[in-house]
Amino acid sequence: MMMPKRTKFRKQQRGMIRGVATSCNQVEFGDFGLQSLEPGWIAAKTIEAGRVACSRAAPEAKLWIRVFPHKPVSKKPAETRMGVGKGDVDHWTVVVKPGTVLFEMGGVPEHVAKKAFARIAHKMPVKVRMISKRSV
Amino acid sequence: MDISVIPAKKRAARGRNQVRALRAEGYVPAVIYGEGKDPEAVAIPGGEVIRHLRQHHRVFHVDVEGRKESAYLQVVQFDPIDDTPLHIDFKRIDLTKQIEVDVAIHFVGHPVGTAKGGRLIKDHPTLRVRCLPAAIPDSLELDIAGLDLDMRITAKEVKLPAGVALAIDPDAMVAHLVLHVEKVEAPAPAAEGAVPAEGAAPAAGAAPAAGAAAPAGDKKAAPAAPEAKKGGEGKK
């Protein structure tokens, strides 16, 4: 699973997701993309699940993962009383704004990409849609 | 390519709030620049913009309150969610001079090599060409049905219409097919996964893998238990 090699700070506050994506909101590398329509957090294991789903649905496709889980999410152990500091880092997520392109695909016709993206979409915790590369 | 006339009016609205109000009235803010003249802010009816974009028009006579300017559609900014045009850049052009533009390549057919495990890589989805503004093609068709494994198509093999010339290296690769190999994760050898016998010392210099379980008899080697942070034990 994807996670940073090293970080400046071990833990982060949760933060808020405001506005829409002003970058990473277009298909840049492939022919088609999967774009988020909602704000949310996507865990590293969810990204991996999407990658595996795509490699099984369209093995001949070239897949680009446009997001990286930079945000550590901490969690306290089960049956633990509150207090005594922040919990340990449990997993890593990517903060997604509406408009962020999550995956891109190339080298396959549209119907194959559509099928593969539908498989990925089922695993995503946000609403997504398939978009094509702009010509202008 | 025919040159369309697109109506526009001078725009006094500047800044985010005023431009938002302009968009709410159904106009798309735009700017016309180039040819050594001052840039001019204009507003274009949104319906006209969408109609011309759908027809892939790129060269226009922009009719700014009766004065026509020949312009090329340089950049269109879209809303990332609802795909409405937010702003347009027009670049003034001289219709008698050649310009360099990027034209999309329409790949036709399914490469034969994909059935043999090949993966199509599009190195240049668009091609930079030089031509008169009136002769800009909508797209360039490229037949890739005969593309086999380890074959490539270069820019000079793309058929260009009359009056259109390549503006990039003719030997630049446009598309090629590479052998796609599935990454098969080999199972770990039994010797590596085996737990050493109780009391047996690990080999010198062999660091245990991260997350690997410590031998049963060596409790000191186990990582710090999470119970150490329980609230009840944290009295100060």
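Residues numbered from 1 in each chain as written. Chains lettered and ligands numbered in written order. Predicted model: local features only at pLDDT ≥ 70, side-chain atom pairs only at ≥ 80, totals over all residues. Heavy atoms only, no water.

**Quick notes on the packing of helix α1 (residues 44-57) of chain A against helix α2 (residues 110-123) of chain A**
Residue and element names in this part refer to chain A.
So, step 1. Contact geometry of α1 with α2 gives a least axis separation of 8 Å together with a crossing angle of 155 degrees. By the angle class used here, α1 and α2 are roughly antiparallel. Between α1 and α2 lies a crossing of right-handed hand. In this structure, α1 contributes T46, A49, G50, A53, C54 and A57 to the contact, and α2 contributes K115, A116, R119, I120 and K123.
So, step 2. Considering only residue class, the contact of α1 with α2 consists of 6 nonpolar, 2 polar and 3 charged. (Axes fitted to C-alpha atoms, helices over the stretch in contact; angles between N-to-C directions. Helix = DSSP H or I, 4+ residues; strand = E, 2+ residues; numbered from the N terminus. Parallel < 35°, antiparallel > 145°, perpendicular 65-115°, else oblique. Left-handed = near helix turned anticlockwise from the far one by under 90°. Contact = heavy atoms within 4.5 Å. Nonpolar A, V, L, I, M, F, W, Y, C, P; charged D, E, K, R; others polar.)

**Side note on the side chain of H176 of chain B**
Residue and element names in this part refer to chain B.
So, step 1. You can see H176 is positioned in strand β13 (residues 173-179).
So, step 2. The exposure class assigned to H176 is buried, which follows from its relative accessible area of 15%.
So, step 3. Within the structure, the side chain of H176 is placed 2.7 Å from the side chain of D123, a separation counted as a polar contact.
So, step 4. Excluding residues that lie within four positions of it along the chain, H176 makes contacts with R119, L120, I121, D123, L147, M151 and R152. (Buried < 20%, exposed > 50% of the residue type's maximum accessible area, 1.4 Å probe, protein only. Polar contact = N/O pair within 3.5 Å; in protein donor to acceptor, adjacent residues only side chain to side chain.)

**A short note on the sheet that holds strand β7 (residues 128-132) of chain A**
Residues and elements named next belong to chain A.
So, step 1. What the 4 strands build is an open sheet, ordered β3-β6-β1-β7; its pairing is antiparallel. Whereas interior strands pair on both sides, the edge strands pair on one side only; in this sheet they are β3 (62-65) and β7. Looking at each pair of strands side by side, their axes are set apart by 20 degrees on average, direction ignored.
So, step 2. Relative to strand β6 (residues 101-106), β3 runs antiparallel, the two sharing 4 bridges. Bridging from a neighbouring strand, K62 pairs with G106 of β6. (Pairing = 2+ DSSP bridges.)

**Considerations on the domain arrangement of chain B**
All names here are of chain B.
So, step 1. Parsing chain B into structural domains produces domain 1 (4-92) and domain 2 (99-179).
So, step 2. For domain 1 and domain 2, the distance between their C-alpha centres works out to 31 Å.
So, step 3. Counting residues at the interface gives 4 residues for domain 1 and 8 residues for domain 2.
So, step 4. Interface area, domain 1 with domain 2, both sides summed: about 410 Å², of which 58% is carbon and sulfur. (Domains from an automatic or database assignment. Buried area = accessible area lost by both parts, 1.4 Å probe.)

**Some details on the pairing of strand β6 (residues 85-92) of chain B**
Residue and element names in this part refer to chain B.
So, step 1. Counted residue by residue, β6 has 6 buried out of 8 residues, so it is predominantly covered.
So, step 2. Pairing of strand β2 (residues 27-34) with β6 involves 4 bridges; the strand directions are parallel. Within β6, the position partnered with A30 by the bridge is I88.
So, step 3. Pairing of strand β5 (residues 67-78) with β6, which is carried by 7 bridges, proceeds in the antiparallel orientation. Bridge assignment links V76 to a residue of β6, and that residue is I88.
So, step 4. Linkage of β5 to β6, two consecutive antiparallel strands, is achieved through a turn of 6 residues, within which D83 is found at a positive phi near 65 degrees.

**Here we look at α2 of chain A**
Residue and element names in this part refer to chain A.
So, step 1. Under the 1.5 Å per step criterion, the end-to-end length of α2 is 20 Å for 14 residues, consistent within 8% with the ideal 20 Å.
So, step 2. Those residues of α2 that sit buried are V112, A113, A116, F117 and I120. One side of α2 carries all its buried residues, which in axial view fall inside an arc of 120 degrees. In α2, the exposed positions that point more than 90 degrees away from the buried face belong to H111, K114 and H122.
So, step 3. For α2, the secondary structure elements touched by its buried residues are β1 (32-36), α1, β6 and β7. (Expected span 1.5 Å × (residues − 1). Arc of directions from axis to C-beta.)

**Some thoughts on the environment of K123 of chain A**
Residues and elements named next belong to chain A.
So, step 1. Here K123 is to be found in helix α2.
So, step 2. Spatially, the C-alpha atoms of K123 and V27 are 21 Å apart, while their sequence positions differ by 96 residues.
So, step 3. For K123, the contacting residues outside a window of four places in its chain are T46, A49, G50 and A53.

**Digging into the interface of chain A and chain B**
Frequently, the measure chosen for interface size is the accessible area that the parts lose on association.
So, step 1. At the junction of the two partners, chain A supplies 26 residues and chain B supplies 21 residues.
So, step 2. For the pair chain A and chain B, the two sides together bury roughly 1900 Å², of which 58% comes from carbon and sulfur.
So, step 3. Inspection of the chain A/chain B interface yields 3 salt bridges.
So, step 4. Taking the shortest distance from any N to any O, the salt bridge between D31 of chain A and K122 of chain B comes out at 2.9 Å.
So, step 5. On inspection of chain A and its partner chain B, the count reaches 8 residue pairs in polar contact (both at pLDDT 80 or more).
So, step 6. Its residues assigned to classes, the side of chain A that touches chain B comprises 10 nonpolar, 7 polar and 9 charged. (Salt bridge = Lys/Arg side-chain N within 4 Å of Asp/Glu carboxyl O.)

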